[in-house]
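Letter by letter, the chains look like this.
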Amino acid sequence: MDTSYSLYLHIPFCRHRCAYCDFNTYAGLEALIPAYAQALCREMAFLRQAAGERPPIHTLFLGGGTPSLLPITALETILQAAHTHFSWHAPLEITLEANPGTLDRDYLRAAYAVGVNRLSLGMQSAQPEELRFLERQHDFGDVIQAVEWARRAGFENLSLDLIYGLPEQSLARWEQSLSRALDLQPEHISLYALTLEHGTPLSHWVDRGLVPLPDADRAAEMYELACERLDKAGFEQYEISNWARPGHACRHNLQYWRNLPYLGLGAGAHGFAAGYRTVAVRASTAYIERLQNAGAPSVFPRTPATAEAIPVDRATEMSETLIMGLRLTQEGVSLQRFEQRFGQRLEEHYSAPIRRLRRAGLLEWHAEALRLTPRGRLLGNRVFMEFV
Amino acid sequence: MVYFPPLMNRERIRNFSIIAHIDHGKSTLADRLLQATGTISEREMTEQVLDSMDLEREKGVTIKASAVRMQYTHNDGQVYELNLIDTPGHVDFGYEVSRAMYACEGALLVVDASQGIEAQTLANLYMALEADLEIIPVINKIDLPAARPDEVAAEISDLLGTPPEEILRISAKSGENIAAVLQAVVERIPPPQGDPDAPLRALIFDSHYDAYKGVVAYVRVFDGAIAPNDMLQLMATQARLQPVEIGIFAPEMRPTDRLITGEVGYIATGLKSVGECRVGDTITLASRPAPQPLPGYRHPKPMVFAGVYPVDGEDYEDLRDALAKLQLNDASLVYEPETSQALNFGFRCGFLGLFHMEIIQERLEREYGLDIITTAPSVEYEVLLRNGEVVRIDSPAQLPDPAEIEEIREPWMKIQIFTPTEYYGVVMELVTGRRGVFIGQEYPTPNRVQLDFEMPLSELIVDFFDALKSRTRGYASLDYQFAEYRPDDLVRLDILVNKEPVDALATIVHRDDAYRKGQALVSKLKELIPRQLFAVPIQASVGSRVISRANIKALRKDVLAKCYGGDVTRKRKLLEKQKKGKKRMKAIGNVEIPQEAFLAVLRLRDE
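Residues numbered from 1 in each chain as written. Chains lettered and ligands numbered in written order. Predicted model: local features only at pLDDT ≥ 70, side-chain atom pairs only at ≥ 80, totals over all residues. Heavy atoms only, no water.

### Regarding the overall build of chain B
Looking only at helices and strands, chain B features 13 helices and 31 strands. For chain B, the residues scored as buried account for 58% of the 607 residues in total. Nonlocal contacts in chain B, meaning residues at least 24 apart in sequence, comprise 70% of its contacts between residues at least 6 apart. Carbon and sulfur atoms make up 49% of the accessible area of chain B, which totals about 25100 Å². (Helix = DSSP H or I, 4+ residues; strand = E, 2+ residues; numbered from the N terminus. Buried < 20%, exposed > 50% of the residue type's maximum accessible area, 1.4 Å probe, protein only. Contact = heavy atoms within 4.5 Å. Areas by Shrake-Rupley, 256 points an atom, 1.4 Å probe, with all protein chains shown as cover.)

In C-alpha cells:
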C-alpha cells in the first residue's frame, strides 16, 4: 500500500451538548467510554485485517464530541492500538480536540507523554455572556489555564477555535475575543461563523423568536476584521476558516481539503478510501454492539461498524476535489495535481463555470492553481455550487 | 356491459343538488348519502368521492360539477331514483352552478352550525330560488363544540320562512340524522316534470373529456328520451353527433339503453373538444329537433388574464401540450402564445377568475410537473384611440403609446359582500379604498348585512378576497358579477430592475394610486428578490418619471464555515439544493428573480 492515509477517531461523548452543536455526540453516556474505547481498538484491528497489512498513516485526529473526556488510560490504549494496527510515517501529527473545562495539568502532561502532539482547544469566545449563551461549560479562565498547562507539558502546536457572528454580537466584542486569543500565542486558529443547524436548541430559539437571527453582513465584517488582525499578528490564512503560523497548518485537515484518502473510525465517523465514502453506524451503543459481536472479516475500507459504503464515481470525485480544494485559500486547486489525478485539464473540464466565476471576481489563477479571490472567500457557496 | 335499470316511474325520480359554502361539509354529506343508499360500500369509500381531483380535496372545494345516481328505498316501500348533482363551490363558477341547479327540482341548503350563512350560500340560494327549486335547509356539524344550531336555525328561518323546528340538524361527519335527509329529499322535492312525447331536450350541465369516448356530456333530460342509436344535435353550437354510449353515474360511468324524461345521466359524444359541447347547451334529436332550446345558455368569457411562462425555455412545448390537455376538460380556459422581453416565450391565458387561475397554475405544476412563472393577473381593457379605433388589451405590455390614447376603459363588477354587521365599517373602508362604490344594503337576517357595491375588476383580482377575509376574521363572504366597462384615468406603472424595464412586472393602475402602489411594489420586490453578487436598483416609473426606488444591497457572505472530511456528502447536498433553488429563478439581464416576485403585485398590503 503506497497511499498514506489520515486516521480520524471519533469520540462521541460530551458532558453537555452545546446549544449550536449538531455533531454526533451524546451527553450523559460517559459510562460507556471504556467499552467504547475497546470497540474502537477492535475496529482498528478489523481495518488492518481487511487491508491485509498495516495501512500507512501520517496524521491521527481524535475528534468529537469531547475526546478529552477519555481517561488517560483509554487514550493510551487507543494510541497503542493505532500504533499496532497502522504503520506510522514520521513526523506523525496527533491531534486531540479538547474542551478547556475538562483539562488539568496532569492530564495534559500524560496526554503529551502518550504521544499527542497537537492540541485543539474549543475556546469559542472570551466573553462570559457569549459562552453562557452557547452553553459552553467553561470560562475564559479555563482556556488560559489549559494553554499554560499545555505549554508546560511540552505542547508546541496549539490551536484555538472561536465562534463569531452570534446574534447581536458587536464588532468590538468580537475584536476583544480575538485579541484575547492572540494574547495566548497559539500556533493555529480556526474561526467559525455561527451556523444555525436544524434541530439544535439555538435554531429552535430563533424559530420561536426568542433569539434574533445572526446578521450575515455583520458576520462578514467580523470575518474581514479577523483576516486583517491575524495577518498583522503573523498568521497565514490557508483555508476559509483556518489560520496558522508558518509551518503549522493542520496536516490532518489538509488531507480532507486536498480530497486525499482518510480512514474514519468510531461511531458515525466518515471515511474516504479506495474509492468509497464510508459511514459508520451512528449510535455509540450500536457501534459498541457491532464490534462486540463482529466475527467475519470485512472488505477494505469497510469494518463491522460500516453502515454505508458509497462508491465515488469520477465525476463526483472531480467535483469534490474542487469543492474541498477551493477552500484552501492559498494553494487552491493545483492544475498539475488535478491533471495527474484525473488525466484531464481543470481549465478545460470546467471551462464555463471558471470563466463565469472569474468574470464575477470570485475565482483567480495564482501560481498554476485555481483559487478563491478575497471576495470569493465570503461567497464560497456561490463558487462551489457551480461545481456540483 | 350494458346495464338495464328497472324502467323508472317518473314520479319516483328526485333530482337535487347541495348548496353550501366552502368547508360547510357538502362533500362529506354527499359521501354519507352515497354510503347510506349503498351506492358505494365502506370499502370503496375514499373520502369525498365526488371531488375527484386531489386539488379539490386539498382546497376543500369542488371545482367541477359531477353527478351520481342512488337507489333509495323509502319507508313507503318504494324504490326511488335520487340524482345528486354536485355543484362547483366557487364564485368563479357561478354560471356552471346555475346550470347544475336548473337541472334539479330541489336543493339541500347546507349551513355550518358554527359559521352560519355566508355570501356564497346566499348567492347560490338566490340562484336556486330563481331556478324554482324546493329548498331543504340542513344545519351541519352540530357535533362541533362551537356549534350554535339554534341561532343558525333562526337565521335560516328569517331567510326562508321555514319554521326553525322543521330544519334538519345533522352531522355529516358522524352520520347523525342522514336518514332524515334522504326522507326529506323524497317527501319534499317534487318529481321532475316534462313531456315524454315531445322532441328531446336535454340540458348539458357539465362535461369531462375522456380519451376513448371523447367529450362526455352530463345531461338532464327535460323532454323526450335518448337511446344509444339516436343521432343528436347541439342546439347552440350546431354540432351533430352519434353517441358512443349513453349511461348513468353509479357512481362510475355505467352504460344504459336509454335516458328518459326527468333522468340524469351522460352522453359520451365522441366530440374532440369541450368547446363543441358547452355547458348550458341543449341536446336534441337531429331527426326531430325541438323548436326551442332550454333557456339560459351563455358563453362564459374569461375575465382574468395572465402570462404563463416556463422557467426553463426548453419546457415551452410541454407547457403548450399541458394547456391543450387542460382545455380538453375546461372550455373556459383560453390561451394564446405570447412573447415577453423578460420571460421569453410563453402563453397569455384567460381565466374565469382568480381562483380558476390558481387551479390551472397548480395543475400545470403538479399534474404536469412544470416549473412555471405566472405573471400578475390583468383584466381586459378597452382602449379608445385618438383615431376612433377601439382596441382590447389583456396585458399591460400591450398598452399603446399614451400619446395615441383617448380613453382607457376597464371592466366593473357588481359585488355582494355578506358579513356580520360588526364588520360593516371595515368592509366599507376596504371596498371604497379600492375605488369601490357603495350601492345599497340589505339585512336578510338581523345580525348580518349584505352590502352591494360596484368596483373595478382590476381591484378585485389583486388580493381583495384575502384582505376581506383577514379583516373580517374570515366571516365575510363575497360574490360578484360583471357590470360594464367604464373609462377612468389609468396609467401603466413600469418596474425597472437593474435599470432595465421588466415587462412582466408592469401593471395598469389608477393615476391617483400610482405613487402608493409603485412604492409598495418596489419595497415588496426588494424583499422578494434575493441579494445578488452586485447591488441592484429597483425602480417604479410612470412614463419616463421614476416615482419610487430602492436598492438591493450586494450579497456579502454565503459560505459554509466548516467543511471537513465527514461533511462532504451532506454539504454537497446542501449545495445541490441551493443550486436547484437558483435554477428555479429567472435570469433577467444579470439579475436572478424568483417566481414569487412576478406575483408581488398580489402581495401588497394595503396600509
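### What to know about the overall build of chain A
Scanning chain A from N- to C-terminus turns up 16 helices and 17 strands. For chain A, the proportion of contacts with a sequence separation of at least 24, taken over those separated by at least 6, is 72%. Of the roughly 15700 Å² of accessible surface on chain A, a fraction of 49% belongs to carbon and sulfur atoms.

### Here's the deal with the packing of aromatic side chains
Counted according to the given criterion, the structure contains 27 aromatic pairs over all chains. Joined through ring pairs, the aromatic side chains of Tyr192(A), Tyr238(A), Tyr256(A), Trp257(A), Tyr262(A), Phe272(A) and Tyr564(B) make up one cluster. If you follow Arg277(A) out to its NZ or CZ, it ends over the ring of Phe272(A), 4.2 Å from the centre. When the ring centre of Phe222(B) is taken as origin, the NZ or CZ atom of Arg220(B), which lies over that ring, is 4.2 Å away. (Phe/Tyr/Trp six-rings, centres within 6.5 Å; stacked < 30°, edge-to-face > 60°. Lys NZ or Arg CZ within 6 Å of the ring centre and 35° of its normal.)

### Points about the confidence of the model for chain B
Low-confidence regions, as indicated by low pLDDT, have predicted coordinates that should not be scrutinised in detail. Of the residues in chain B, 94% reach a pLDDT of 70 or more, and the chain-wide mean stands at 87. Every residue in residues 55–65 of chain B scores below 50 in pLDDT, and together they form 43 contacts with partners more than four places removed in sequence or on other chains. (pLDDT = per-residue confidence, 0-100.)

### Thoughts on helix α11 (residues 464–471) of chain B
Residues and elements named next belong to chain B. All of the buried residues in α11 are Phe464, Ala467 and Leu468. Looking straight down α11, one finds its buried side chains confined to an arc of 100 degrees; they lie on one side. For α11, the exposed residues set more than 90 degrees away from the buried face come down to Asp466 and Ser470. As for α11, its buried residues are in contact with β21 (405–420), α9 (424–432), β23 (448–456), α10 (457–460) and β24 (477–488). Looking one or two residues beyond α11, the residue adopting positive phi is arginine 473, at roughly 50 degrees. (Arc of directions from axis to C-beta.)

### Thoughts on the sheet that holds strand β18 (residues 372–374) of chain B
Residues and elements named next belong to chain B. With antiparallel pairing, four strands are arranged side by side in an open sheet as β16-β17-β15-β18. Of all strands in the sheet, those bounded by a partner on one side alone are β16 (334–340) and β18. Across the sheet, the mean angle separating the axes of adjacent strands is 30 degrees when strand polarity is ignored. Across three bridges, strand β15 (residues 304–310) lies against β18 in antiparallel orientation. (Pairing = 2+ DSSP bridges. Axes fitted to C-alpha atoms, helices over the stretch in contact; angles between N-to-C directions.)

### What to know about the nonpolar core
Burial of nonpolar side chains together is a common tendency in soluble globular proteins. Counting residues in each nonpolar core, the largest one holds 125 residues, and the members touching the most others are Leu62(A), Leu191(A) and Tyr287(A). Not counting the four nearest positions on each side in its chain, Tyr287(A) is found in contact with Tyr36(A), Ala39(A), Leu40(A), Glu43(A), Gly266(A), Ala267(A), Val281(A) and Ala305(A). Core analysis: the next-biggest nonpolar cluster, separate from the first, contains 49 residues, Tyr316(B), Tyr423(B), Val427(B) and Ala476(B) among them. (Core = buried A, V, L, I, M, F, W, Y, C linked by side-chain atoms within 4.5 Å.)

### Section: the pattern of salt bridges
Following the criterion strictly, the structure yields 59 salt bridges over all chains and no others. Put simply, Arg556(B) and Glu221(A) hold a salt bridge, and the shortest N to O gap is 3.6 Å. Pair noted here: Arg556(B) is in the loop between β29 (545–552) and α13 (568–583) and Glu221(A) is in helix α8 (residues 216–232), and the two residues belong to different chains. By relative accessible area, Glu221(A) is classed as partly exposed at 35%. For the salt bridge of Glu367(B) with Arg363(B), the shortest nitrogen-to-oxygen distance reads 2.9 Å. Each of Glu380(B), Glu382(B), Arg392(B), Glu407(B) and Arg409(B) takes part in one network of salt bridges that share partners. (Salt bridge = Lys/Arg side-chain N within 4 Å of Asp/Glu carboxyl O.)

### Some details on the side chain of Asp161(A)
You can see Asp161(A) is positioned in strand β7 (residues 158–164). Comment: no salt bridge for buried Asp161(A); closest opposite-charge side chain is Lys562(B), at 5.3 Å. Ignoring sequence-local partners within four residues, the contact set of Asp161(A) consists of Ser120(A), Leu121(A), Gly122(A), Met123(A), Gln124(A), Ser190(A) and Tyr192(A). (Lys, Arg positive; Asp, Glu negative; His and termini not counted.)

### Structural notes on the pairing of strand β7 (residues 201–210) of chain B
In summary, the side chains of a regular strand alternate between the two faces of the sheet. All names here are of chain B. Of all ten residues that make up β7, eight are buried, and the element is covered over most of its length. Here β7 runs beside strand β8 (residues 214–223); their pairing, made up of nine bridges, is antiparallel. Looking at β8, one finds that alanine 202 is bridged to valine 221. Counting the residues that bridge the hairpin from β7 to β8 gives three residues. Pairing between β7 and strand β14 (residues 282–285): two bridges, direction antiparallel.

### As for the interface of chain A and chain B
At the junction of the two partners, chain A supplies 41 residues and chain B supplies 25 residues. Each partner contributes to the roughly 3200 Å² buried at the junction of chain A and chain B, and carbon and sulfur atoms together form 54% of this total. For the chain A face of the interface with chain B, the top three residues by lost area are Asn381(A), Arg382(A) and Met385(A), together amounting to 21%. For the interface between chain A and chain B, the tally reads nine salt bridges. Here Asp558(B) and Arg382(A) are joined by a salt bridge, their closest N and O atoms 3.0 Å apart. Secondary structure elements with two or more residues in the side of chain A that touches chain B: β8 (188–193), α8, α9 (251–257), α11 (314–325), α15 (374–378) and α16 (380–384) of chain A. (Buried area = accessible area lost by both parts, 1.4 Å probe.)

### Looking at the sheet that holds strand β3 (residues 79–86) of chain B
Residues and elements named next belong to chain B. A sheet is described by the order of its strands in space; here six strands give the open sequence β2-β3-β1-β4-β5-β6, paired in mixed fashion. Strands with a single pairing partner mark the edges of an open sheet, and in this sheet they are β2 (66–73) and β6 (168–169). Of the pairings in the sheet, the one linking strand β1 (residues 13–20) to β3 comprises five bridges and is parallel in character. From the neighbouring strand, arginine 14 faces β3, where its bridge partner is leucine 82. Against the sheet, helix α1 (residues 26–36) touches β1, β2, β3 and β4 (106–112), its axis set at about 150 degrees to β1.

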